[in-house]
Amino acid sequence: MKTAKLVKHGKGWQLTGEKTLSVIGDFGLTDDMNGQQVEFDNSGGPVKLIRFNGKDYTKQHNQPNNMAKQWDNRNHGRPGGGRGSYQQQGNRGNNYGGSWQKNDPARAPYNFVPLNEKVVSAEAGVDFDAFAEGRLSGYIDFEVKALSPLFIKGHDGEFFRAYQKPYIPGSSLRGLIRGIVEITSYSALTFFDDKVLYRRSNLTDDGNRVYAGWLRYQNGQYLIFPGNAQQEVRSNIRNAYEYIFSQRDCTFSTGKFGNRLTVWKVTLSVGEGKPVPNPVIESYQADNTRSEQTIDLVKAVRKGLIVNALGEKINRNTTEIPKELGIPVFYRLSENDEVCSIGHAKYHRMPYSKSISDHIIQSKPVNGIDFATSIFGTTEKAGKIYFEDASLFSDMKLELTQAKHPKILSAPKPTTYQHYLDQPKGASQSAQNKWSDDEAPIRGFKNYWHCKTSSDSREQNTWIETKNEITKSHHEPINPMSPGSTFVGKIRFENLTAQELGALLFSLDLPKGCGHKLGLGKPLGLGSIQITPKLTLINRLARYAQVFDEQENWCTSEEINADMAVFKNAFAKHIAEKTQQQISDADSYWAKDTRIQELKHLLTLEQTTGKVSWENRTRYMLIEHPTYDPKNEYKQRPVLPKPSEVINPNTYTKD
């Protein structure tokens, strides 16, 4: 919490201190608070809490009674008021993004299984490479059947092959099943890119200590020299950077805002260079969410040319950066007058104060090891299972006579915090959790929905690119294996407990009507598969006690087609005991555990929906929707509903 003086400002309020912040919205503040010292919280965004004399004031979300009453009258006679019924929160029956949310909640081809705060421990103490009496060893034969077009990319751009025969790499299957085991066994979320994310700075949150200057690299140090900036209005600019060396200035564009081109003219001023701390340079370079095609200020000033993050000249620009001037930049000063950020635009991108790992709020396993780690191992310690490659078992059948480019896929954007962070129910945009907030857990384990797709480019739900838009990330055409293609493989395991084997089988052998997702193009409907496992146990003591059996065959001591339910039930009971739930077997685990119910929704192959089609519920949102108002579906930052809410027929109204 920070402190400031609360001051009445016109019809609103301001917090004055080291910098002035506007209090946006109705916090229920009273006149007797004017001029008083208060505490406030604006972590990650606008002011969302004010504390005075031990009492907390937050933004009021309720609407005037007459508005709520009008909405209720329009829905009179519908059981429960339907989608539009008035509720005490004053919204339209959903809590996905505001006090009176006009639009539907967010939609996406992915969703999340909620993060488990408690991590369940596995039994520790046995490695894979030593015999352990009482532990289980054997193998699982499995069949993978493609339910939609399936593509696993090989080194040559075609479907993965070995000796000219299609295979599914064991590493791909291993990663898929480990992800499901992490969810079902209440393990820790371990595989993520722990980095600091970036946001666009603004006057309200970050103050006005933004200045123009000239970035130079001299004697192994980055320096910023003072400059004077003037904004100009132009319809175009001939070059990205236009230097007039005799006038010691440069004119450049920071891009379009609406239909207007934002152009700045920066002139060198008199003054000494201010050093740029190395962490600021490193932070700028670490922003890998910045487009690769925009200018990279650090690389540009080092090369002496206008280049992007890939070191390429932008639009074949041959402008050389004069060493005596440098490159014009905007920079922000801290309270100690040190450079704390640099950028191409006045309100440039800045890092959040916390990294992704700060939002993974989970307990530690009691003995330091969870189920996923015990079964699959780590980079320091080998696991106890081995996935063989799965070879093509059916006849080879490709979807197309000629490979085609898939539609352009949107890269994951965790900066969309209303999707990736758990949000308070009914929170307005300003009160949503952001990546700088404390106690703001991530949504959980990301998975993709199953959806129908077509290999006919004339169909609306085709996965094939029809607009001839080819990107660097998807510059190669693909030709997937057809639905119905089957692959067979084997998983070998050693020294598993009954509960660990149950966790593996529970994650492989899904309920009827469910399937896994594998390979490229999951958001487009590719990669839906069904895995059918068969368990074989090996009695190690009996196997090595004799060479031949009674029929004079090799003594394998194998129990083929062993009962998988025994182990799945043992696993479910173990989780029930550790999480204090009333669960008796694997079926009731799927049915009663709320997290596993959300997983089951995501794994379900076919969904029954209401007015809004399934394809429209699970598509990427658009910046310019042809019929919606507003056209930009991201504008109001709608929150992504839980899987159980996505499948609810009444959650969406716009098709």
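Residues numbered from 1 in each chain as written. Predicted model: local features only at pLDDT ≥ 70, side-chain atom pairs only at ≥ 80, totals over all residues. Heavy atoms only, no water.

Caption draft 1: How the structure looks around the overall build of the chain. Within the chain, the secondary structure is distributed over 14 helices and 27 strands. Buried positions account for 48% of the 655 residues belonging to the chain. Long-range pairs, those at least 24 residues apart, make up 70% of the contacts in the chain with a sequence separation of at least 6. Surface exposure of the chain reaches about 33500 Å², of which carbon and sulfur atoms provide 47%. (Helix = DSSP H or I, 4+ residues; strand = E, 2+ residues; numbered from the N terminus. Buried < 20%, exposed > 50% of the residue type's maximum accessible area, 1.4 Å probe, protein only. Contact = heavy atoms within 4.5 Å. Areas by Shrake-Rupley, 256 points an atom, 1.4 Å probe, with all protein chains shown as cover.)

Caption draft 2: Seen up close, the side chain of S588. Relative to the assigned elements, S588 resides in helix 11 (residues 586–592). Classification of S588 as buried rests on a relative accessible area of 10%. Excluding anything up to four places from it in sequence, S588 contacts I583 and D593.

Caption draft 3: Examining the environment of H516 more closely. Relative to the helices and strands, H516 resides in strand 25 (residues 516–517). The exposure class of H516 is buried, given its relative accessible area of 1%. Residues H516 and S528, spaced twelve residues apart in sequence, show a C-alpha to C-alpha distance of 5.9 Å. Apart from residues lying up to four places away in sequence, H516 is in contact with L176, I177, I180, H450, S507, L508, L510, G527, S528, I529 and I531. Separated by 2.9 Å, the side chain of H516 and the backbone oxygen of S507 make a polar contact. (Polar contact = N/O pair within 3.5 Å; in protein donor to acceptor, adjacent residues only side chain to side chain.)

Caption draft 4: Fine view of the nonpolar core. In terms of nonpolar packing, the biggest core is built from 94 residues, with L501 and L535 touching the most fellow members. The contacts of L535, once residues within four sequence positions are left out, are Y139, I140, F493, L501, L505, E559, I560, N561, A562, M564 and F567. (Core = buried A, V, L, I, M, F, W, Y, C linked by side-chain atoms within 4.5 Å.)

Caption draft 5: View of the packing of aromatic side chains. Overall, the coordinates contain 19 aromatic pairs when judged by the stated rule. Where F159 meets F487, the ring centres are 5.9 Å apart and the plane angle is 15 degrees; that geometry is what we call stacked. Taken together, the residues span a long stretch of sequence, with F159 in the loop between strand 8 (136–146) and strand 9 (161–162) and F487 in strand 24 (residues 486–496) at a distance of 328 residues. There is no split in this pair, since F159 and F487 are both buried. With a centroid separation of 5.1 Å and an interplanar angle of 70 degrees, the aromatic rings of W264 and F330 are classed as edge-to-face. Here the residue W264 occupies a position in strand 16 (residues 260–268), and F330 occupies one in strand 18 (residues 327–333), the gap between them amounting to 66 residues. (Phe/Tyr/Trp six-rings, centres within 6.5 Å; stacked < 30°, edge-to-face > 60°.)

Caption draft 6: Focus on helix 2 (residues 170–184). Between its first and last C-alpha atoms helix 2 spans 21 Å; for 15 residues at 1.5 Å apiece the expected length is 21 Å, and the two agree. For helix 2, the complete set of buried residues consists of G170, L173, L176, I177, R178, I180, V181, E182, I183 and T184. Backbone geometry just after helix 2 places Y186 at a positive phi near 55 degrees. (Expected span 1.5 Å × (residues − 1).)

Caption draft 7: Geometry of the pairing of strand 1 (residues 2–9). Here four bridges tie strand 1 to strand 4 (residues 37–41), and the two strands are oriented antiparallel to one another. Its bridge partner being in strand 4, K2 is matched across the sheet by F40. Bridge count between strand 1 and strand 2 (residues 12–16): five bridges; the pairing is antiparallel. Directly across from K8, in strand 2, lies its bridge partner W13. (Pairing = 2+ DSSP bridges.)

Caption draft 8: Structural view of the pattern of salt bridges. Per the counting criterion, the structure on display carries 22 salt bridges. With a closest N to O distance of 3.7 Å, K265 and D249 form a salt bridge. With a gap of 16 residues between them, K265 in strand 16 and D249 in strand 15 (residues 249–257) connect regions that are remote in the sequence. Given a relative accessible area of 23%, K265 falls into the partly exposed group. (Salt bridge = Lys/Arg side-chain N within 4 Å of Asp/Glu carboxyl O.)

Caption draft 9: Representation of the packing of helix 8 (residues 498–508) against helix 10 (residues 564–579). Look at helix 8 against helix 10: their axes get within 7 Å of each other, and the N-to-C directions meet at 105 degrees. Looking at the two axes, helix 8 sits roughly perpendicular to helix 10. Contacts between helix 8 and helix 10 involve A498, Q499, L501, G502, A503, L505 and F506 on the former and, on the latter, M564, F567, K568, A570, F571 and H574. (Axes fitted to C-alpha atoms, helices over the stretch in contact; angles between N-to-C directions. Parallel < 35°, antiparallel > 145°, perpendicular 65-115°, else oblique.)

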